[in-house]
Amino acid sequence: MVIDRQARLVEVESWGDYFLFTLDSPEIAAQARPGQFLMIRVSETTQPLLRRPISLHNAEGNRLQIFFQVAGEGTRLLSLKKTGQCLDLIGPLGKGFNVRPEFRDREIYCVGGGRGIAPLYYLGKELRAAGARPVIFYGGRRAGDLPLRNRLESAGFEVLVSTDDGSAGFPGFVTSLVEEELKKRKPAFLYACGPDPMMEKLAETCRRENLPAEFSLESIMGCGFGACWGCVKKIRMDGQEKYLKVCQDGPVFSLEEIVWQEKEHG
Ligand SMILES: Cc1cc2nc3c(=O)[nH]c(=O)nc-3n(C[C@H](O)[C@H](O)[C@H](O)COP(=O)(O)OP(=O)(O)OC[C@H]3O[C@@H](n4cnc5c(N)ncnc54)[C@H](O)[C@@H]3O)c2cc1C
Ligand code: FES
């Protein structure tokens, strides 16, 4: 059941353009699953009119957390909210990641690029609770783009970082770091969230390595719950390509389902 709620902002942490909000929202927290998202009203006025989709970074007890990067006006307005204020949320929305019982005792790769790291903390916790061994890959342009590194490490996850400019961790793209690790150890599954080029490259790697995977896609969203058709992407299902709603049928899709940049991969 989708809930429309006022949630009180109880804590704000920030690192430059990146923000971690902790919200009091018992009803949504009780139903949430990793990979689902919220539609958040960012302004009291009609500017901007549309809510903004933000992933669930964590849900624990009565609390929800979101992690976001300022990308434009909507996320800038969101970043100005102060503790004690209430946010108007709709959620939990969409279909999240599928964590399978056969992952027990297996290594599972979780790959996040930039703000795409947001849902992987919650996913990592769920994997650990299922007895799996998550390995979190965290890629950013530079060291300052890895604000969640300490949080992930403090939570006890194995975290491998990369930066495009070499200022922290592996020098190069996170996709190259994944390729390097795959030479040493083969996981049972891979999850990813990040920019399309990163995920498309990972999809190629997974097909070559015969590694099953799920990807969380982004799309511009009008409503977030299936009413506007603003978020459709081409998805392959039962051997046919169809336009499906990322908000309702996703945002998580399997490797075989996604049609990258409108082209067919063998
Ligand atoms: C399911 C889902 C979960 C998301 N989770 C997170 C998250 O946890 N943390 C986070 O920082 N961001 C997340 N995003 C992206 C976030 O929704 C956009 O950055 C935000 O809506 C941009 O709004 P804005 O008004 O700040 O910027 P705008 O001025 O509207 O746009 C700035 C730039 O972002 C692009 N953009 C706008 N809306 C979206 C969108 N919905 N998806 C992708 N790109 C967009 C625009 O094309 C433009 O290039 C998620 C997006 C989706 C679809
Ligand atoms: S965002 Fe409206 S249908 Fe998906």
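Predicted, not measured: the structure shown is a model, and the values here were computed from it.

Close to ligand 1 lie 19 residues, the nearest being Arg 52, Pro 53, Gly 74, Thr 75 and Glu 218. One of the backbone N or O atoms of Gly 72 is found 3.0 Å from an oxygen atom in ligand 1. The separation between an oxygen atom of ligand 1 and a polar side-chain atom of Arg 115 is 3.2 Å. Contact with the protein chains removes 76% of the 850 Å² of surface that ligand 1 exposes when unbound. The pocket occupied by ligand 1, as judged from atoms lying within 2 Å of grid points, is the largest pocket.

In a soluble, globular protein the nonpolar side chains are often hidden away together inside. One finds Val 111, Phe 137, Leu 190 and Phe 215 to be the most contacted residues of the largest nonpolar core, which totals 34 residues. Top element by residues in this core is helix 6 (residues 196-209). It accounts for five residues. Not counting the four nearest positions on each side in its chain, Phe 215 is found in contact with Ala 192, Met 199, Leu 202, Ala 203, Pro 251, Val 252, Phe 253, Leu 255, Ile 258 and Trp 260. Residues Cys 110, Tyr 138, Leu 146 and Leu 148 belong to the second largest nonpolar core, which totals 27 residues.

The subject of this paragraph is helix 3 (residues 120-129). Listing the buried residues of helix 3 in full gives Leu 120, Tyr 121, Tyr 122, Leu 123, Gly 124 and Leu 127. Buried residues along helix 3 sit against strand 5 (58-60), strand 8 (107-113), strand 9 (133-140), helix 4 (149-154) and strand 12 (189-193). Residue Gly 131 follows helix 3 closely and has a positive phi angle near 85°.

Before going further, it helps to examine the side chain of Glu 214. Secondary-structure assignment places Glu 214 in strand 13 (residues 213-216). The class of Glu 214 is buried, set by a relative accessible area of 3%. Side-chain polar atoms of Glu 214 contact the side chain of Asn 98, separated by 2.9 Å. Leave out the neighbours within four places in its chain, and Glu 214 touches Phe 97, Asn 98, Arg 100, Phe 189, Leu 190, Tyr 191, Ala 192, Val 252, Phe 253 and Ser 254.

Our next topic: the domain arrangement of the chain. Annotation of the chain at the domain level lists domain 1 (3-93), domain 2 (101-216) and domain 3 (218-266). Put simply, the middle of domain 1 and the middle of domain 2, counted by C-alpha atoms, are 24 Å apart. Each partner contributes residues to the interface: domain 1 has 16 residues there, and domain 2 has 14 residues. Together domain 1 and domain 2 conceal approximately 1500 Å² of surface at their shared face, both sides included; 57% is due to carbon and sulfur atoms. If you sort the residues of domain 1 by the area they bury against domain 2, Pro 34, His 57 and Phe 67 come out on top, with a joint share of 39%. Here domain 1 and domain 2 share two salt bridges between them. For Glu 126, the salt bridge identified is with Arg 33, shortest N-O distance 2.7 Å. Linking domain 1 to domain 2 there are nine residue pairs in polar contact (both at pLDDT 80 or more). For the side of domain 1 that touches domain 2, the residue count by class is nine nonpolar, five polar and two charged.

Two elements, strand 14 (residues 232-237) and strand 15 (residues 240-245), share six bridges in a ladder whose sense is antiparallel. By the bridge assignment, Arg 236 is partnered in strand 15 with Glu 241. Linking two consecutive strands that pair antiparallel, namely strand 14 and strand 15, is a turn of two residues; a positive phi of about 50° is found at Asp 238 within it.

Reading the values: rules and limits
Residues numbered from 1 in each chain as written. Chains lettered and ligands numbered in written order. Predicted model: local features only at pLDDT ≥ 70, side-chain atom pairs only at ≥ 80, totals over all residues. Heavy atoms only, no water. Near = heavy atom within 4 Å. Polar contact = N/O pair within 3.5 Å; in protein donor to acceptor, adjacent residues only side chain to side chain. Areas by Shrake-Rupley, 256 points an atom, 1.4 Å probe, with all protein chains shown as cover. 1 Å grid on protein atoms, 1.4 Å probe; cavity = no way out; pocket = protein on both sides within 12 Å on 5 of 7 lines; lining within 4 Å. Sits in = over half its atoms within 2 Å of the grid points. Core = buried A, V, L, I, M, F, W, Y, C linked by side-chain atoms within 4.5 Å. Buried < 20%, exposed > 50% of the residue type's maximum accessible area, 1.4 Å probe, protein only. Helix = DSSP H or I, 4+ residues; strand = E, 2+ residues; numbered from the N terminus. Contact = heavy atoms within 4.5 Å. Domains from an automatic or database assignment. Buried area = accessible area lost by both parts, 1.4 Å probe. Salt bridge = Lys/Arg side-chain N within 4 Å of Asp/Glu carboxyl O. Nonpolar A, V, L, I, M, F, W, Y, C, P; charged D, E, K, R; others polar. Pairing = 2+ DSSP bridges.

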